[in-house]
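# Architecture and fold: a report
For reference, the chains in residue letters:
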Amino acid sequence: MTAPLLQADRVGRTYGGGLLSGTPNVALDNFSMSNGTGTPSVTAVVGESGSGKTTLARLLLGLTTPTSGTVRYRGEDIGRLSGAARRSYRTDIQAIFQDPYGVFNPFYRVDHVLTTPVRKFRLAASRAEARALIEQALRTVGLRPEEILGRYPHQLSGGQRQRTMVARALLLKPKIIIADEPVSMVDASLRATILGSLRRLTDELGISILYITHDLATAWQVSDNIIVMYRASAVEAGRAEEVVKSPAHPYTRLLVGSIPQVSLTRDWLAAEPDAPRAEDRDAACRFAGRCSSAMDVCRVQVPPLSRIGPCHAAACHLYGQHAQLAAEDLNDVLA
Amino acid sequence: MFRYLKRNPSLAFGIFLMSILAVFLLIGTFRIDPEDARPLSAPALHPPSWDYPFGTDRQGRDLFAAMVVGTPLTLRIGFVAGILGVTIGTVLAFVAGFYRGIVDTAIRGIADIGLTVPGLLILIIIAVSVRGGLTVNQMALVVASLAWLNPTRTIRSQVLTLRERGYVEVARLSGMSGPEIIFFEMIPNLLPYLGATLVSAVSAAILASIGLEVLGLGPLEAPTLGMTLYWVNFNAAIINGWWWWWTAPIVIIVIVFLGLFFMTVGLDEIANPRLRRSI
Amino acid sequence: MNALEVRGLRVSFEHPLGLVRAVDDVSFNLAPRERFGLVGESGSGKSTMALAIMRMIRPPGHIDGGDVLLGDGNLSDLSGEAMRRARLAGIAMVPQGSMNALNPVMRVGDQVADAMRDHGVQPSDIAALMARVGLPSGTVDKYPHELSGGMKQRVCIAIAICLRPTVIIADEPTSALDVVVQRQVMRTLADVQQDLGAAILLIGHDMGLMAQFVDRLGVMYAGRLVEVAPIAEIVRRPRHPYTELLIASLPSMEQKEPPRGIPGLAPLLRDLPSGCAFHPRCPKAEGRCVTERPEPREVAGGVVVRCHFA
C-alpha cells in the first residue's frame, strides 16, 4: 500500500509550558488524517478560532513544527526532507491564505508573486514560456492577465488579489491545495465565485483541497467531507451531507443552528442563550461546559471517537454504544 | 516627487536646509583657496569684512575658507561612521532577528551591554589610546565602532515584525531560501526605515565627533567644526569678544542638525504610514 | 417624528486621480425603536455614510450636501462642541473593529467611565451596565486582552449605550466573530435596544444576518441607495437586480447548489459608470440604463427602488 501523499500522524502542537512560559496552550491534540490518495476531493476543516484548524494548516505546510507526532509527505517526515524530495513536497502541496493583502509584498508588482515560483522551481525554460504559463493560470481562475499583470497589490480589489493567489497556487500543478480561510476577507457576493473556482480545480484538474474555515455554510456547499474541530480536537467528521443534515455532536448542532439564513421565519435571535458553565471548563470533554446534554461521564472521561455510520463519526459520549474508531483512523469515514 | 514634498513638510524643510548648506559649500569652494584655511594665511582676529566674510581667528585662518573646508570634513566623518554603523547594524539585526535562537540572544546581549556603557567615555578612551593624534578617517572609524549598537536593536525589531508577514510565508512556500527572503522580500520594505535610521545615525555620529573634537581629541590640523570650537574654547574667544569666531561654526552646526532632524522626521513618516497626515 | 432622518446626503473625497463620490444623494429614515439595516459590498460607501451621520468625516473627505436630523434637531446646524456632546449622548456608534481599538493599558470598566466623564456625567453603576450587556461581574476590572472577542465587542456596546442614546449605529459589529458568538452579540444588541427604546442602524454585508435581525433594509451600491424596503418584502420579492443577486450569492443551508456569484467587479467610486452604476453587471441592463440614472421611486408600500425596471 503506497503511503498517502500528505499525512498528519497523531500530530499535536502545544505552545508554552516551559519553565518561563506559563501554562501550556494546546493548539492541536493528537490529530490524524491523510489527503491526496484516491479520488481528489474537497475536505473542509471547520471550527472557530482556537479550534486548531489554522495550526493544522501551518503544520501540514511545514511552517511550524509539531510538538508531538509527525507530518509525513509520501511517508517521509517533512522535517527531514531535503533536496529533490523537498522540492517535490513544495510543488505538490500549495497554499492559499486568508489575507489577500498581506500575502503580497507591497514593494513589488503582483507579477512578483507569480514569477517567483516559476523561477525557483524552474517551471519554464524562457521568459516567454513563463509568461505564457502565468497567463494561463490567471485565465483558469477567471482573471484577465492584462488587468492583473503590471499592477501593484493596492491597485487590485480583494477578490482579484485572492484569485491571483489561487492562480499562483496552480502554477506548480499541485496535488493538494490547503486553503486557509480563503474567502473570509472577501465580500459575500464574491465568495461564491472564488469557491466555485476552487471546486472546479478539484473536479476538472484533480487537485484535492483542504478547505479551512469557520463558515459551515460554505463548507457544506463546496466540500465532499467535513471535519468539525473544537478546542484542538476533531469532534465530528464524515461526508458533508451527513454532518450538516444529521449533525451528531452537540457542538455541530450548535453551529448549524447559529447560522443566520435569509428566510421569512425569524427564529435565529430567539434561540437559547449559550452560557458556558465555568465549573466545567476543565472537564474531560472540552465541550462539556457549553453542552446542554452533558452527563456525568463527560466530566471525567474523554469521549471516544464513535462510528455512527459508514461515513460519519463523532467524539461524544452520547454515541458510546456505537463501534469505536481510533483517532488515527479518522480517514475511514471520509469519502 | 515634488508633489509628495508638499505633503511632507518635515522632509521638505530638512532637504531645504541641507540644500542651503550645499549651495554655501559649492559657492565657497570656487571662491576660496583651501590654503587659506591653514593658520598664518591672514591677519589674525579681524572681524568680518569684505575680504574675510567670516573674519579670521587667532592663528590667522580665514574663517570663511576654514568653514568651507572644514564642514565637509565633519560631514564626512558623520556619513562614514553613520553608513558603517548602519551597515554593520543591519547585518547583525537580520542575522539576529531572522534566525533567532542563540545567535539572537548573543547579538542582543552584546548590543544591550554596549548601549548601557556611556558611549562618549569609550570614545575618549579609544581616541586617547591612538598614538600621535587622529586623522579624519581614523576619527570616523572610532565613532563607527559604537554607531552600530542602536541600529542593531531598532532594525532587529522591524525584522521581527516583518518575518511574520504573509508574503514572507508565501516566499518560503515558493521555494526561496533565508538570505533570498531577507534580500528580496524584507529589505526593500525596510528601505525607508533604513533611510531614517541612517540619517539619524549620521546625526549622532556628527555629534559624537564634535564632542570628541571640542575636548581636543580630534585631528588637530583639520579645521573641522568641532576643532574650530576647540580653538574657540582654548583661546577664550567668548570672553574676549571675538564673536565671529564662534558664530560661524555654531550656525553651521545648527543648520546641519536641524536639517538632519527634519529629514529623519520626514523619512519616518514615509516609513510608518500611520504617521502620515494625509493620503 | 423619526429617530433619525438622512436627506440627500453627499460625501466625497479628494484623490489625486479624481473625485471619489463615496455617498451620493442618500435619503432614508429610522423610526423610533426601529432596526434598520444597511447592506452592501466593501467599497459601497456604507461606513463612510455612518461617519458622515456622526459628522466625523475629515479632510480630504467632506460632506458636500444634505441634512441629518436627529429627532427634531438638525445635526448639520450644530457647532463642533455641540456635535461632540451629541455624540454618544444622542447618537452612538460601535465602529468597525472597535473591539481591537480598546485601550490595552486601561481596565475596561475605566474606559466606560471615561466616556461618561467626558460628557460631564458622573460614572455610576458601571457594573450594572456590564450586566446589561451580558458580561459576568468582575469584567469591570479586566484588561481588554483578558477578554474574548465577543466580550470585547460587548464592552464596546456598553460604551455606546452608557448615556442612553436614541440612535445606535453598529458598523459590522460581528465581522470578526464566529457564528455562535455572533448570535450572542446580536442578542445583546437587541436586548439593549429594547431596554433603551433606541433605534439601531446596522451596517454589514451579511444578508442572512440582516434577514434575521432588521425590520427594514437599505441596499447600497456604489455610494447610492438602490433599494429600501421592509425586510419581509426584500426576502419575498427583491425589486432591484443587485438585491436579488446578493441574496442568491449567499450559501443556503437547505439545498446544495453550485454557488452563484455576481459577475464583474464593484466599480471604483472615483470612476463610476454612467447612468445606473450597476448596469455593467446587471443581467437586465438595457440602453436606457447606460444613459439615464434611475431616481428613487416608491413602487409599493414602503418599498423605494432606484431601477428602471422595478
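As the structure is a computational prediction, the values presented were derived from the model and not from experiment.

### Focus: the overall build of chain C
- Broken down by element type, chain C carries 10 helices and 12 strands.
- Over its C-alpha atoms chain C spans a radius of gyration of 20 Å, differing by no more than 12% from the 19 Å that the globule rule assigns to 310 residues.
- In terms of overall dimensions, chain C has a C-alpha envelope of 60 × 50 × 40 Å along the principal axes.
- Put simply, chain C has 310 residues, and 49% of those count as buried.
- At a minimum sequence separation of 6, the contacts of chain C that also span at least 24 residues come to 65%.

### Things to note about the overall build of chain B
- Across its full length, chain B carries 11 helices and 0 strands.
- The helix and strand sequence of chain B, counted from the amino end, reads α-α-α-α-α-α-α-α-α-α-α.
- Across its three principal directions, the C-alpha atoms of chain B cover 75 × 50 × 30 Å.
- When the 279 residues of chain B are sorted by exposure, 42% land in the buried category.
- When contacts within chain B are restricted to residue pairs at least 6 apart in sequence, long-range pairs at least 24 apart make up 69% of them.

### Here we look at the packing of helix 9 (residues 178–214) of chain B against helix 11 (residues 243–271) of chain B
Residue and element names in this part refer to chain B.
- Interaxial distance between helix 9 and helix 11 falls to 8 Å at its minimum, and their mutual angle equals 160°. Relative to helix 11, the element helix 9 lies roughly antiparallel. Both helix 9 and helix 11 take part in a crossing whose hand is left-handed. Here Pro192, Tyr193, Gly195, Ala196, Val199, Ser200, Val202, Ser203, Ile206 and Ile210 of helix 9 lie close against helix 11, whose contacting residues are Ile253, Val256, Phe257, Leu260, Phe261, Met263, Thr264, Leu267, Asp268, Ile270 and Ala271.

### Structural notes on the sheet that holds strand 5 (residues 76–77) of chain A
Residue and element names in this part refer to chain A.
- Strand order in the open sheet formed by 4 strands is 2-1-4-5, with antiparallel pairing between adjacent strands. What marks the edges here is a single partner per strand, and that holds for strand 2 (25–35) and strand 5.
- Across the sheet, helix 1 (residues 53–60) is in contact with strand 1 (6–15), strand 2 and strand 4 (68–73); its angle to strand 1 comes to roughly 120°.

### As for the interface of chain A and chain C
- On the chain C side, the residues contacting the 33 residues of chain A number 37 residues.
- When residues of the side of chain A that touches chain C are traced back to their parent elements, those giving at least two are helix 7 (188–205), helix 8 (216–222) and helix 10 (250–258) of chain A.
- Residues belonging to the side of chain A that touches chain C are distributed by class as follows: 18 nonpolar, 11 polar and 4 charged.

### Some points on helix 3 (residues 111–120) of chain A
- Within helix 3 of chain A, the full set of buried residues consists of Val113(A), Leu114(A), Thr115(A), Thr116(A), Pro117(A) and Val118(A).
- Buried residues in helix 3 of chain A make contact with helix 4 (127–140) and helix 6 (158–171) of chain A together with helix 8 (166–173) of chain B.
- Just downstream of helix 3 of chain A, Arg122(A) is the residue with a positive phi angle, here 50°.

### Concerning unusual backbone geometry
- With an omega dihedral of 10°, the bond running from Pro59(C) to Pro60(C) counts as a cis peptide bond.
- Tracing the sequence through the fold places Pro60(C) in the loop between helix 1 (46–53) and strand 4 (61–70).
- If you check the backbone angles, Arg100(B) has positive phi at about 55° while not being a glycine.
- Along the chain, the position of Arg100(B) falls in the loop between helix 3 (63–99) and helix 4 (101–116).
- Although it is not a glycine, Asp25(C) sits at a positive phi angle of roughly 55°.
- Summarising the element assignment, Asp25(C) is placed in strand 2 (residues 18–30).

### Here's the deal with the pairing of strand 6 (residues 93–96) of chain A
Residues and elements named next belong to chain A.
- With burial as the criterion, each face of strand 6 is covered, one bearing Ile93 and Ala95 and the other bearing Gln94 and Ile96.
- Note: strand 6 against strand 7 (residues 176–180), 4 bridges, orientation parallel. From the neighbouring strand, Gln94 faces strand 7, where its bridge partner is Ile177.

### Observations regarding the environment of Ser177(B)
Residues and elements named next belong to chain B.
- If you trace the backbone, Ser177 turns up in the loop between helix 8 and helix 9.
- A tally of 10 C-beta atoms within 10 Å means that Ser177 is categorised as exposed.
- When the C-alpha positions of Ser177 and Tyr52 are compared, they lie 61 Å apart, and in sequence the two are 125 residues distant.

### Concerning the packing of helix 2 (residues 9–31) of chain B against helix 3 of chain B
Residues and elements named next belong to chain B.
- Running from N to C, helix 2 and helix 3 cross one another at 125°; their axes reach a closest spacing of 9 Å. When the axes of helix 2 and helix 3 are compared, the pair comes out oblique. When the axes of helix 2 and helix 3 are compared, the crossing they make is left-handed. Residue-level contacts link Leu25, Gly28 and Thr29 of helix 2 to Phe64, Val68, Thr71 and Pro72 of helix 3.

### Quick notes on the sheet that holds strand 7 of chain A
Residue and element names in this part refer to chain A.
- In space, the 9 strands of this open sheet follow the order 6-7-8-3-9-10-12-11-13, with mixed pairing throughout. This sheet does not close on itself; its edge strands, each paired only once, are strand 6 and strand 13 (323–325). Neighbour-to-neighbour, the strand axes of this sheet turn through a mean angle of 25°, independent of strand direction.
- Sheet contacts for helix 1: strand 3 (42–46), strand 7, strand 8 (208–213) and strand 9 (225–230); angle to strand 7, the most-contacted strand, approximately 145°.

### Considering the nonpolar core
- In terms of nonpolar packing, the biggest core is built from 176 residues, with Ile177(A), Ile178(A), Ile226(A), Val228(A), Val143(B) and Ala205(B) touching the most fellow members.
- Element by element, the count of residues in this core is highest for helix 3 of chain B, at 17 residues.
- With near-sequence residues (within four places) excluded, Ile226(A) lies in contact with Ala44(A), Val46(A), Ala219(A), Trp220(A), Gly238(A), Ala240(A), Val243(A) and Val244(A).
- Grouped together as the second largest cluster of nonpolar side chains are 97 residues, Cys156(C), Ala160(C), Ala198(C) and Leu250(C) included.

### Thoughts on helix 7 (residues 149–162) of chain B
Residue and element names in this part refer to chain B.
- With 14 residues, helix 7 ought to run about 20 Å at 1.5 Å a step, and its terminal C-alpha atoms sit 20 Å apart, in line with that.
- Those residues of helix 7 that fall on the buried side of the exposure criterion are Leu149, Asn150, Pro151, Thr152, Ile155, Arg156, Val159 and Leu162.
- Where helix 7 is buried, its residues meet helix 3, helix 4, helix 6 (136–147), helix 8 and helix 9.

### With respect to the environment of Val214(C)
Residue and element names in this part refer to chain C.
- Here Val214 lies in the loop between helix 7 (207–213) and strand 9 (216–221).
- Between the C-alpha atoms of Val214 and Leu75, which are 139 residues apart in sequence, the distance is 25 Å.
- The residues contacting Val214, other than those within four sequence positions of it, are Arg35, Phe36, Gly37, Leu202 and Ile231.

### A look at the confidence of the model for chain C
- With 100% of its residues at a pLDDT of at least 70, chain C reaches an overall mean of 87.
- Interface predicted TM-score (ipTM) for the complex: 0.80; the corresponding pTM is 0.80.

### A few points about the pairing of strand 12 (residues 312–315) of chain A
Residues and elements named next belong to chain A.
- Here strand 12 shows no split at all, with His312 and Ala314 on one side and Ala313 and Ala315 on the other all buried.
- Looking at chain direction, strand 10 (residues 233–239) and strand 12 are connected through 3 bridges and run antiparallel. Note on strand 12: the bridge partner recorded for Gly238 is His312.
- Both strand 11 (residues 305–309) and strand 12 contribute to a ladder of 4 bridges, which runs antiparallel. Across the sheet, residue Arg307 finds its bridge partner in strand 12, namely Ala313.

### So, the environment of Ile178(A)
- Secondary-structure assignment places Ile178(A) in strand 7.
- It is 8.6 Å that separates the C-alpha atoms of Ile178(A) and Ser208(A), two residues lying 30 residues apart in sequence.

Conventions we followed
Residues numbered from 1 in each chain as written. Chains lettered and ligands numbered in written order. Predicted model: local features only at pLDDT ≥ 70, side-chain atom pairs only at ≥ 80, totals over all residues. Helix = DSSP H or I, 4+ residues; strand = E, 2+ residues; numbered from the N terminus. Rg over C-alpha atoms; globule rule 2.2 N^0.38 Å. Buried ≥ 20, exposed ≤ 12 C-beta atoms within 10 Å, placed from the backbone. Contact = placed C-beta atoms within 7 Å. Axes fitted to C-alpha atoms, helices over the stretch in contact; angles between N-to-C directions. Parallel < 35°, antiparallel > 145°, perpendicular 65-115°, else oblique. Left-handed = near helix turned anticlockwise from the far one by under 90°. Pairing = 2+ DSSP bridges. Nonpolar A, V, L, I, M, F, W, Y, C, P; charged D, E, K, R; others polar. Core = buried A, V, L, I, M, F, W, Y, C linked by C-beta atoms within 7 Å. Expected span 1.5 Å × (residues − 1). pLDDT = per-residue confidence, 0-100.

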